[in-house]
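Examining the three-dimensional arrangement
Take a look at the letters that make up each chain.
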Amino acid sequence: QVQLVESGGGLVQAGGSLRLSCAASGIIFKVNAMGWYRQAPGKQRELVARINPGGSTNYADSVKGRFTIARDNAKNTVYLQMNSLKPEDTAAYYCNSHNTLSGLRGPADYWGQGTQVTVSS
């Protein structure tokens, strides 16, 4: 019943842009912090960007100034605008939700299936 569906990944040249979308269902979207993570082959999964229920954001140092995370609570969707892409941005990107309610009885975290971003030189 909980589903995070990502879209927007693909192959792009260095310097180009992509916009990732994550459509959520089965959660109370507005009380969830939403995050984008990425994992490259042979590397640890890392947090790329996070947006909290109140709208505050956090970014990995490697993407600051290039990536922007945003949410549309009316559409239950979180976005990641990626500009000035570099080959080192190549990874599988995953959408994450984290429930902030104190009365939580089920899992706090859910994950999307991942979408591949490949940046060529």
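Structure report, in brief. Each residue is numbered by its place in its chain's sequence as written, counting from 1. Reporting of local features is limited, given that this is a predicted model, to residues whose pLDDT is at least 70; pairs of side-chain atoms are given and counted only at 80 or more, and all residues count toward the totals for whole chains, interfaces and linings. The basis for the side-chain values is all heavy atoms of the structure; hydrogens and waters are excluded.

1. Topic: the pattern of salt bridges
Just to be clear on terms, a salt bridge is a Lys or Arg side-chain nitrogen sitting within 4 Å of an Asp or Glu carboxyl oxygen. The tally for this structure, following the rule as stated, stands at five salt bridges. In this structure, Lys64 and Asp61 form a salt bridge, with 3.0 Å as the shortest nitrogen-oxygen distance. Between Asp72 and Lys75 there is a salt bridge, with its nearest N and O atoms 3.9 Å apart. For Asp72, a relative accessible area of 23% puts it in the partly exposed group. Exposure remark for Lys75: the relative accessible area of 55% places this residue in the exposed category. Shared partners join several salt bridges into a network, and the residues in it are Arg38, Glu46, Arg66 and Asp89. Accessible area is worked out with a 1.4 Å probe on protein chains only. A residue is then buried under 20% of its type maximum, exposed over 50%, and partly exposed in between.

2. What to know about the pairing of strand 7 (residues 67–72)
Side chains Phe67, Ile69 and Arg71 of strand 7 all project onto a buried face; the interleaved residues Thr68, Ala70 and Asp72 project onto a face where none is buried. At least two DSSP bridges between two strands are needed for those strands to be called paired. Each helix is a run of H or I in the DSSP string that is no shorter than four residues. Each strand is a run of E no shorter than two, and both are numbered from the N terminus. Of the strand pairs in this sheet, strand 7 and strand 8 (residues 77–82) are connected by six bridges, and their pairing is antiparallel. Bridging from a neighbouring strand, Arg71 pairs with Val78 of strand 8.

3. Structural notes on unusual backbone geometry
The phi dihedral of Asn76 is positive, around 50°, even though this residue is not glycine. In this structure, Asn76 sits in the loop between strand 7 and strand 8. Asn76 sits in the partly exposed class, given a relative accessible area of 26%. Its identity is not glycine, yet Ser84 carries a phi of approximately 50°, on the positive side. Inspection of the secondary structure puts Ser84 in the loop between strand 8 and strand 9 (91–99).

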